[in-house]
Amino acid sequence: MIHQLSVVDKRAKIGKNVVIEPFTSVAADVEIGEGSWIGSNVTIMDGARIGKNCKIFPGTVISAIPQDLKFDGEETKVIIGDETTLRECVTVNRGTKALGYTKIGSGCLIMATSHIAHDCILGNNVIIANGCGIAGHVEIGDYTVMGGLSAIQQFGKIGKHAMISGGSLIRKDIPPYIKVGREPISYAGINSVGLRRRGYSSEKIFEIQKIYRAIFQMKLNVSQAVSYIEKEMLPTLERDEILTFIQKSPRGIVKGYGTSKE
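None of the values given here were measured: they were computed from a predicted structure.

Engineer: For this particular structure, what's the right way to read the pattern of salt bridges?
Structural biologist: Two side chains of opposite charge can pair, provided their charged atoms sit close to one another. Inspection of every chain in the model, using the stated rule, returns 11 salt bridges. Where aspartate 68 meets lysine 70, a salt bridge forms, and the shortest distance between an N and an O atom there is 3.2 Å. Relative accessible area serves as the criterion here: at 63%, lysine 70 is assigned to the exposed category. In this structure, the salt-bridge partner of glutamate 88 is arginine 87, at a minimum N-O distance of 2.9 Å. Among the residues examined, glutamate 88 registers a relative accessible area of 29% and is labelled partly exposed. Taken together, the shared-partner salt bridges connect Asp29, Glu31 and Arg49 into one network.

Following this line, the structure appears as structure tokens:
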């Protein structure tokens, strides 16, 4: 299943039923899970750990050294979960000693020409559209959708189930369950369509809307809104997740529409 015109180091660990197309290079310290398909002209460098049933399209480069001047040759990894697809010319850099790895979860789709830098962590079922730039140390939660040609500043944090408009420049953290867009990046409502697709009830979506109404529409600052939510709304998994995200955001979260100031 390995084409004779590919160069695969004998020390690489290749699972059953893996297909490797011509003109692809696989280094020694690489593991590829069973059932994965590796297209032509792919470069997989030392430190790559690719899961089962993944699809890696032509021109992709996985586990190149970080584009970080502090990198000193340390042994680090790129970890890619099962059933994840990387389309044409995606680049995924391996980690630095800061974290030790770059990780993409299972069931993700990373579309053509996007870049994922060192020490990033992407959750499961994340969709990154074409031409996105994700700087180092970024964290992206499960089921996030990132529109094409968007860019995330280093150390940025994106909560799960977020929906990011195409062409966005993301300099602030984005809490879970919301949509963001415009320039500067601003809150644009709840990702209700995505939440319904994931099985959230109307009651739960209304609860999340009520929380964000306090944060973005009651003319309170963030600290005041957090205090109000803690006092006036019963604890739930979603409420506590939103509050914890905000409290652990040293950069601060995006603003409401018409109030953004970068």
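Now that the structure has been shown, the text picks up again.
Engineer: I keep staring at the pairing of strand 10 (residues 61-64) and nothing clicks. Help me out?
Structural biologist: Every other side chain in a regular strand lies on the same face of the sheet, so the side chains alternate between the two faces. Examined bridge by bridge, strand 7 (residues 43-44) and strand 10 share two bridges and lie parallel to one another. From the neighbouring strand, threonine 43 faces strand 10, where its bridge partner is valine 61.

Engineer: How should the sheet that holds strand 11 (residues 77-80) be read in this particular structure?
Structural biologist: Sheet strands associate in pairs through backbone hydrogen bonding, adopting either a parallel or an antiparallel arrangement. One open sheet accounts for eight strands, arranged 2-5-8-11-14-17-20-23; its pairing is parallel. Each edge of the sheet is formed by a strand with only one pairing partner; in this case those strands are strand 2 (13-14) and strand 23 (157-158). Across two bridges, strand 2 lies against strand 5 (residues 30-32) in parallel orientation. Each bridged residue has a counterpart across the sheet, and for isoleucine 14 the counterpart in strand 5 is isoleucine 32.

Engineer: In this structure, what is going on with the environment of lysine 16? I would like to understand it.
Structural biologist: With respect to the helices, strands and loops of the structure, lysine 16 is situated in the loop between strand 2 and strand 3 (19-20). Judged by its relative accessible area of 65%, lysine 16 is exposed. Measuring from C-alpha to C-alpha, the distance between lysine 16 and asparagine 130 comes to 31 Å, with 114 residues separating the pair along the chain. Among all residues touching lysine 16, those that are not within four sequence positions of it are Glu34 and Gly35.

Engineer: I would appreciate a short explanation of the nonpolar core in the present structure.
Structural biologist: Side chains that are nonpolar tend, in soluble globular proteins, to be buried together. Counting residues in each nonpolar core, the largest one holds 64 residues, and the members touching the most others are Ile44, Ile128, Ile134, Ile140, Ile174, Tyr212 and Ile215. Counting residues per element, the ones that place at least two in this core are strand 5, strand 8 (48-50), strand 11, strand 26 (178-181), strand 27 (186-190), helix 2 (202-216), helix 3 (222-232) and helix 4 (237-247).

Rules used in this analysis
- Residues numbered from 1 in each chain as written.
- Predicted model: local features only at pLDDT ≥ 70, side-chain atom pairs only at ≥ 80, totals over all residues.
- Heavy atoms only, no water.
- Salt bridge = Lys/Arg side-chain N within 4 Å of Asp/Glu carboxyl O.
- Buried < 20%, exposed > 50% of the residue type's maximum accessible area, 1.4 Å probe, protein only.
- Pairing = 2+ DSSP bridges.
- Helix = DSSP H or I, 4+ residues; strand = E, 2+ residues; numbered from the N terminus.
- Contact = heavy atoms within 4.5 Å.
- Core = buried A, V, L, I, M, F, W, Y, C linked by side-chain atoms within 4.5 Å.

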